[in-house]
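Survey of secondary and tertiary structure
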Amino acid sequence: MTIQHIFSDLDGTLLNSAGQVSAVNQKAISASKLPLTLVSARAPQEMASIISKLNLVTPQIAFNGGLVFKPNASKLEVLSQSTIDFNLAGRLLTVLKLYFPQVSLSFYDLHNWYTERIDKGIRYAQNLNHQPVTQLKTTTFFSQQHHAVFKIMLLTFDLKKMAALTDFLAKLNIAGVSIQQSGDFCLEITSEQAKKSRGISYILQAEHLAAQEATAFGDGYNDLSMLEMVGYPIVMGNAFDDLKTKDVFVTKTNDENGVSYALNHLIKHNLVNV
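Here goes a summary of the coordinates provided. (Residues numbered from 1 in each chain as written. Predicted model: local features only at pLDDT ≥ 70, side-chain atom pairs only at ≥ 80, totals over all residues. Heavy atoms only, no water.)

Looking at the nonpolar core
One finds Leu-14, Leu-38, Leu-54, Phe-217 and Leu-263 to be the most contacted residues of the largest nonpolar core, which totals 40 residues. At 4 residues, helix H9 (residues 258-268) tops the list of elements feeding residues into this core. By size, the runner-up hydrophobic cluster in this structure holds 24 residues, among which are Leu-92, Tyr-114, Phe-141 and Val-149. (Core = buried A, V, L, I, M, F, W, Y, C linked by side-chain atoms within 4.5 Å. Buried < 20%, exposed > 50% of the residue type's maximum accessible area, 1.4 Å probe, protein only. Helix = DSSP H or I, 4+ residues; strand = E, 2+ residues; numbered from the N terminus.)

Notes on the pairing of strand E10 (residues 177-181)
Both E10 and strand E11 (residues 186-191) contribute to a ladder of 5 bridges, which runs antiparallel. What sits directly across from Gln-181, in E11, is Leu-187. A loop of 4 residues connects E10 with E11, the two strands running antiparallel in sequence. (Pairing = 2+ DSSP bridges.)

Quick word on the packing of aromatic side chains
Across all of its chains, the model carries 17 aromatic pairs by this definition. For the ring pair Phe-86 and Phe-141, a centre distance of 6.3 Å and an interplane angle of 35° mean the geometry is tilted. One end of the pair, Phe-86, is in helix H3 (residues 86-99); the other, Phe-141, is in helix H5 (residues 138-143), and 55 residues separate them in sequence. For Phe-86, a relative accessible area of 5% corresponds to the buried category. Aromatic pair Tyr-124 and Phe-157: ring centres 5.1 Å apart, planes at 85°, arrangement edge-to-face. Of this pair, Tyr-124 sits in helix H4 (residues 120-129) while Phe-157 sits in the loop between strand E9 (151-155) and helix H6 (159-172), placing them 33 residues apart in sequence. Overall, Phe-157 belongs to the partly exposed group, its relative accessible area being 29%. The lysine or arginine in question, Lys-120, covers the ring of Phe-157, its NZ or CZ lying 4.9 Å from the ring centre. (Phe/Tyr/Trp six-rings, centres within 6.5 Å; stacked < 30°, edge-to-face > 60°. Lys NZ or Arg CZ within 6 Å of the ring centre and 35° of its normal.)

Structural notes on the sheet that holds strand E4 (residues 67-70)
Spatially, E3-E4-E5 is the arrangement adopted by the 3 strands of the open sheet, whose pairing is antiparallel. The open sheet has two free edges, formed respectively by strand E3 (60-62) and strand E5 (77-81), since each of these has just one partner strand. On average, each strand axis in the sheet is inclined to that of its neighbour by 30°, with strand direction left out of account. Looking at chain direction, E3 and E4 are connected through 3 bridges and run antiparallel. Residue pairing across strands places Ile-61 opposite Val-68, the latter belonging to E4. Contacting E3 and E4, helix H2 (residues 44-53) crosses the sheet at an angle of about 145° to E3. (Axes fitted to C-alpha atoms, helices over the stretch in contact; angles between N-to-C directions. Contact = heavy atoms within 4.5 Å.)

Right, dumping it as structure tokens:
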């Protein structure tokens, strides 16, 4: 079977270290003439500029699979979603604030990003996502009517504290949530159903495609479920070494236009019709 759809992670994959899609990668995606779905832990508003730059009209996946949406100039169209239980999200934030007061805490609903304080972690995230953040008391947000909470994000540059945080959350054994470290400094809590594979499965079914007709690019552990869902998984050269197995194609790094390199490989081996 030839490949009919591309799925790609953003940070560390399609985006280079400067957080940009290179002209080389952009040209290769256009030349492939294949629909591209971005599959990211980011919120949809953090993906908007990239979606616009690549002129994407196909369904996209945000919040690690917690949201499948169709980009629209006037209004985001939700196709499928899975959120954290509202009351559980409030309790989690309260406990984390109590036991880890120095860790940067923030959370997202469908349209907004919230935090109690603007600290080093929030400024670091803003340098990557270029998004405004709403500052308010967590108790105020959770005393209001229910909102759809998609993600809680924790940031710390202290690796020992990150290890302690990960261990603490694991020992809580919280039902209904997924806890994944998306980078050295970032831990994300989403719905248990919010997996990149869930979003891909939704799109494959909607497009009547077999897994063998899709390829996916990734670099992190939260990409594993996505890579296992497609017929031709591609791992970036900058990925963790234990992701570079015999079952995947290892391309160049995200700073070496790894997406372009792999797409050219697929075309060369007649896995993509151009």
